[in-house]
Amino acid sequence: MQRRDFLRSSAALSSGLFLSSRGLARIAPQAPAELEVAVIGVGTQGLQLLKSCARIAGVRVRAVCDVWDFHRDRAVQRLEQQGLEVAAYEDHRALLDAEKSLDAAIVATPDFLHVPQAADCLERGLHVYCERPISNEVEAARRLVQAAARAGRQLQIGHQRRSNPRYIHCAEKLLGEIQLLGKIAAGSGQWNRSVDIDRGWPRRREIEPATLERIGFRSMQEFRNWRWYRRLGSGPFVEHGSDQIDVFHWFLGARPTAVYASGGTDYYDPESHEWPDTVLSIFEFRSLERPARVFYQTITTNGDYGHFEKLLGDEGTLMITESSGRVGVFREAAAPSWEKWVRLEYLAETE
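Cut-offs applied
Residues numbered from 1 in each chain as written. Predicted model: local features only at pLDDT ≥ 70, side-chain atom pairs only at ≥ 80, totals over all residues. Heavy atoms only, no water. Core = buried A, V, L, I, M, F, W, Y, C linked by side-chain atoms within 4.5 Å. Buried < 20%, exposed > 50% of the residue type's maximum accessible area, 1.4 Å probe, protein only. Helix = DSSP H or I, 4+ residues; strand = E, 2+ residues; numbered from the N terminus. Salt bridge = Lys/Arg side-chain N within 4 Å of Asp/Glu carboxyl O. Pairing = 2+ DSSP bridges. Phe/Tyr/Trp six-rings, centres within 6.5 Å; stacked < 30°, edge-to-face > 60°. Lys NZ or Arg CZ within 6 Å of the ring centre and 35° of its normal. Expected span 1.5 Å × (residues − 1). Arc of directions from axis to C-beta. Contact = heavy atoms within 4.5 Å.

1. Examining the nonpolar core
At step 1: Membership of the largest hydrophobic core comes to 32 residues, with the highest contact counts inside it found for Leu174, Leu180, Phe251, Leu252, Leu311 and Leu347.
At step 2: Of all the elements in the fold, those that place two or more residues in this core are β1 (17–19), α8 (165–177), β8 (184–192), α11 (236–252), β10 (278–286), β11 (291–299) and β13 (316–320).
At step 3: Counting 25 residues, the second-largest nonpolar core is a separate cluster that includes Ile40, Leu95, Leu122 and Ile134.

2. Examining the pattern of salt bridges
At step 1: This structure, assessed with the given rule, holds 18 salt bridges.
At step 2: Of the charged contacts, one joins Glu222 and Arg231 as a salt bridge, the two residues approaching to 2.6 Å between their closest N and O atoms.
At step 3: Look at Arg231 and you get partly exposed, because its relative accessible area is 33%.
At step 4: Residues participating in the shared-partner salt-bridge network are Arg132, Arg161, Asp243, Glu309 and Glu322.

3. Details of the pairing of β10
At step 1: Pairing of strand β9 (residues 256–264) with β10, which is carried by 8 bridges, proceeds in the antiparallel orientation. Directly across from Ala258, in β10, lies its bridge partner Glu284.
At step 2: Pairing of β10 with β11 involves 9 bridges; the strand directions are antiparallel. Of the residues in β11, the one forming a bridge with Glu284 is Arg293.

4. What to know about the environment of Gly313
At step 1: Positionally, Gly313 belongs in strand β12 (residues 307–313).
At step 2: Measuring from C-alpha to C-alpha, the distance between Gly313 and Ala292 comes to 9.9 Å, with 21 residues separating the pair along the chain.

5. Looking at the packing of aromatic side chains
At step 1: If you walk through the whole model with that rule in mind, you get 12 aromatic pairs.
At step 2: Between Trp68 and Phe70, the ring centres sit 4.9 Å apart and the planes meet at 35 degrees, which makes this aromatic pair tilted.
At step 3: We classify Trp68 as buried; its relative accessible area is 0%.
At step 4: With centroids separated by 6.1 Å and ring planes inclined at 35 degrees, the aromatic side chains of Tyr167 and Phe251 adopt a geometry described as tilted. In this pair, Tyr167 sits in helix α8 while Phe251 sits in helix α11, placing the two residues 84 residues apart along the sequence. Exposure class is identical for Tyr167 and Phe251. Each is buried.
At step 5: A network of ring pairs unites the aromatic residues Trp68, Phe70, Phe112, Phe217 and Phe223 as a single cluster.
At step 6: Over the ring of Trp201 we find Arg203; its NZ or CZ atom is 4.0 Å from the centre of that ring.

6. Re helix α7 (residues 138–151)
At step 1: Over its 14 residues, α7 extends 20 Å from the first C-alpha to the last, a length consistent with the 20 Å expected when each residue adds 1.5 Å.
At step 2: Those residues of α7 that fall on the buried side of the exposure criterion are Ala140, Ala141, Leu144, Ala147 and Ala148. Burial along α7 is one-sided: seen end-on, the buried residues are contained in an arc of 115 degrees. With respect to the buried face of α7, the exposed residues turned more than 90 degrees away are Val138, Ala149 and Arg150.
At step 3: Elements in contact with the buried residues of α7: α6 (114–123) and β7 (155–157).
At step 4: Note on α7: the residue one or two positions beyond its end, Gly152, has a positive phi of about 65 degrees.

7. What about unusual backbone geometry?
At step 1: The omega torsion across Arg132 and Pro133 is -5 degrees, close enough to zero to call that bond cis.
At step 2: Relative to the elements of secondary structure, Pro133 occurs in the loop between β6 (127–130) and α7.
At step 3: Located in the positive-phi region is Gln179, a residue other than glycine, with phi close to 45 degrees.
At step 4: Looking at the element boundaries, Gln179 is found in the loop between α8 and β8.
At step 5: Of note in this structure, Glu345 is not a glycine but carries a positive phi near 70 degrees.
At step 6: Among the structural elements, Glu345 can be located in the loop between α12 (339–343) and β15 (347–349).
At step 7: The exposure class of Glu345 is partly exposed, given its relative accessible area of 22%.

So, in structure tokens, the structure goes:
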């Protein structure tokens, strides 16, 4: 397989080497015991998490919470279509007071609400899965970690790649056990998105100004577009980079020793979009063996090639995303044959 064929498009990866499905099956997660959970925040991401819960045997959603009745009604309707009866709440504290049988809570609200809401759940004795990033303030993130330690409960932040069998297989088998790529000196990653328009809202379903103010929003427009504002969100570089840069920490077994970055609000009006819309960065990693440099970018005005992470070694290249159709490996011409790893089901050869 020629390098140009590998790089030409995601479709071209179908003719390369993939991760073995049998190998992945060996690390598939086991179904949990019966768990009763509440989902706090049922907007776009919260709905995705509800879908995920429905696919996990033993997980039962007992309650949902959202300040907006539009979100609450939509979530309840979808759960009822699955034959589930759930309670719906506007305030997470009312939910915690009323629902005494819960084992865990899922927090999928705007970034600035993660810490207070997750901490309240921990203090009530619940395990917590909280969407990433953990907070839009470093000190608040530390307080939440301390709250979990005091409560003696599990706190998991939503770096879903850490739970993805493909990523685990790459980290433990391809990069760890057999060092398929050889000496890794470079990597790259990106998360590109198209222009983000004002989300708007049905005027007849507006939230009362007093309710918005109580939570921390100055207007309905701010509520619907909270990712634009420094008080409320973390910005695209943190929101997406916290997932992807973590992959390089994990795969390289090292932390960055230096970071260089250039970025700014180059497209949007800085009055409305307070976070940079374009960031280009270089991370220098140094493990015990050798240095590696990783280029990472977030662009929120063009969705070219979406999101991926890539590592380049002297014997091969690994490209991986959460989409199984865009995962593949390319062997350098001078590298030893990989036929052994196909036979041992570390890799799968495709037609």
